[in-house]
Amino acid sequence: MNGRVDYLVTEEEINLTRGPSGSTEIESALNCEPGVQPYKGLGFNIVGGTDQQYVSNDSGIYVSRIKEDGAAALDGRLQEGDKILSVNGQDLRNLLHQDAVDLFRNAGYAVSLRVQHRLQVQNGPLGHRSEGEPSGIPIALVLVPAFALTMVAAWAFMRYRQQL
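Sequence order sets the numbering: in each chain, residues are counted from 1 along the sequence as written. Given that this is a predicted model, residues contribute local features only at a pLDDT of at least 70 and side-chain atom pairs are listed and counted only at 80 or more, while totals for whole chains, interfaces and linings are drawn from all residues. Hydrogens and waters are ignored; side-chain quantities use all the structure's heavy atoms.

Student: I'd like a rundown of helix H3 (residues 97-105), residues and numbers included.
Tutor: Residues separated by three or four positions in an α-helix point in the same direction, a consequence of the helix having 3.6 residues per turn. Three labels apply to residues, based on accessible area from a 1.4 Å probe with only protein chains included: buried if under 20% of the type maximum, exposed if over 50%, partly exposed otherwise in between. Where helices and strands are cited, they refer to DSSP runs of H or I of at least four residues and of E of at least two residues respectively, numbered from the N terminus. All buried positions along H3 are accounted for by His 97, Ala 100, Val 101, Leu 103 and Phe 104. Projected down its long axis, H3 shows its buried positions confined to an angular sector of 160°, all on one face. The directions from the helix axis to the C-beta atoms form the arc being described.

Rendered as structure tokens:
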């Protein structure tokens, strides 16, 4: 136990489906044909890229925000801080931020994301716990022997007094 913070890194494939925008205003802005509906976003924002490193010495693309009621929030697996490794099999390494944004925008209706989750695991000294966090020793394990020892001591004291 040395107080060092470690991370458990896992990877997961997440498939998201966009919903139709239903907005003729968006259709006209995107010069879509009448009756052809553009798609909503995937429901999250990204940061990073070779030109805007979010993590020092890492030009990867990270999730900065999950939008309420978006595809990612409804799915529930993508989290803020996750690193997106690929979109529909296309690697996101060494991309400019805007190139990554364009890749997401043009990914289509059904989008497959390869994501890296990082779960923080903290190794710290014993007795260094947050308020409300269990100490690891059940209270009964301490109280029952202490009560038994008190009862034995009281019994021995009473026997000793009777002999005087």
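There's plenty left to go through after this.
Student: Please provide a residue-by-residue account of the nonpolar core, values included.
Tutor: Each nonpolar core is a collection of buried residues, namely Ala, Val, Leu, Ile, Met, Phe, Trp, Tyr and Cys, held together in the definition by side-chain atoms within 4.5 Å. Counting 22 residues, the largest nonpolar core has Phe 44, Leu 78, Ile 84, Val 87, Phe 104 and Leu 113 as its most contacted members. Of all the secondary-structure elements, those providing two or more residues to this core are strand S1 (5-17), strand S2 (44-48), strand S3 (61-66), strand S4 (83-87), H3 and strand S6 (110-122). Counting residues per element, this core draws most heavily on H3, which supplies four residues.

Student: So what's going on with the confidence of the model for the protein chain? Which residues, and what values?
Tutor: Values of pLDDT, which run from 0 to 100, indicate the predictor's confidence residue by residue. For the protein chain, per-residue confidence averages 80 on the pLDDT scale, and 74% of positions sit at 70 or higher. No element of the protein chain has a lower mean pLDDT than helix H1 (residues 24-29), which averages 40, and none a higher one than S4, which averages 96. By definition in these notes, contact holds between two residues if any of their heavy atoms fall within 4.5 Å. Segment residues 22-37: pLDDT under 50, and 13 contacts once partners within four positions in sequence are set aside and those in other chains are kept.

Student: Describe the side chain of Asp 58, listing the residues and the values that go with them.
Tutor: Along the polypeptide, Asp 58 turns up in the loop between S2 and S3. Of the polar contacts made by the side chain of Asp 58, one reaches the backbone nitrogen of Gly 60; its length is 2.8 Å. The residues contacting Asp 58, other than those within four sequence positions of it, are Gln 53 and Lys 83. A 3.5 Å cut-off defines polar contacts: any pair of N or O atoms within that distance qualifies, except that in protein one atom must be a possible hydrogen donor and the other a possible acceptor, and neighbouring residues in sequence count only when both atoms are side-chain atoms.

Student: Explain the environment of His 117 to me, using residue names and the numbers behind them.
Tutor: With respect to the secondary-structure elements, His 117 resides in strand S6. When its relative accessible area of 15% is taken as the criterion, His 117 is described as buried. Considered as a pair, His 117 and Val 9 are 108 residues apart in the sequence and their alpha carbons are 5.8 Å apart. What His 117 contacts, discounting residues up to four positions off in sequence, is Leu 8, Val 9, Thr 10, Glu 12, Ile 14, Arg 77 and Asp 82. Within the structure, the side chain of His 117 is placed 2.6 Å from the side chain of Glu 12, a separation counted as a polar contact.

Student: Mind laying out the pairing of S2, listing which residues take part and the relevant values?
Tutor: Because side chains alternate across S2, one face comprises the buried residues Phe 44, Ile 46 and Gly 48, and the other comprises Asn 45 and Val 47, none of which is buried. Here, strands pair whenever DSSP counts at least two bridges between them. The sheet contact formed by S2 and S3 spans five bridges and is antiparallel. Residue pairing across strands places Val 47 opposite Tyr 62, the latter belonging to S3.

Student: Before we move on, can you summarise the pattern of salt bridges with the specific residues and values?
Tutor: Basic side-chain nitrogens of Lys or Arg form a salt bridge, by our definition, when they fall within 4 Å of a carboxyl oxygen of Asp or Glu. Under the definition given, this model contains six salt bridges. A salt bridge links Arg 114 to Glu 11; the nearest nitrogen and oxygen atoms lie 3.3 Å apart. Of this pair, Arg 114 sits in strand S6 while Glu 11 sits in strand S1, and the two are 103 residues apart along the sequence. Given the relative accessible area of 44%, Glu 11 is considered partly exposed. Counted as one network, the salt bridges with shared partners bring together Glu 11, Glu 13 and Arg 114.

Student: Give me unusual backbone geometry: which residues, what numbers.
Tutor: Not every positive phi belongs to a glycine, and Asn 57 is a case in point at roughly 60°. On the secondary structure map, Asn 57 appears in the loop between S2 and S3. Its relative accessible area of 74% is what places Asn 57 among the exposed residues. Look at Asn 88: it is not a glycine, yet its phi comes out positive at around 50°. In this structure, Asn 88 sits in the loop between S4 and strand S5 (90-91). Residue class for Asn 88 comes out partly exposed when judged on its relative accessible area of 38%.

Student: Quick rundown of the packing of aromatic side chains? Include the residues and the values.
Tutor: For Phe, Tyr and Trp, where Trp contributes only its six-membered ring, two rings pair if their centres lie within 6.5 Å, and the inter-plane angle classes them as stacked under 30 degrees, edge-to-face over 60, or tilted in between. Enumeration over the complete set of coordinates arrives at two aromatic pairs. Taken together, a centroid distance of 5.6 Å and an interplanar angle of 45° make the contact between Tyr 54 and Tyr 62 tilted. Exposure remark for Tyr 62: the relative accessible area of 5% places this residue in the buried category.

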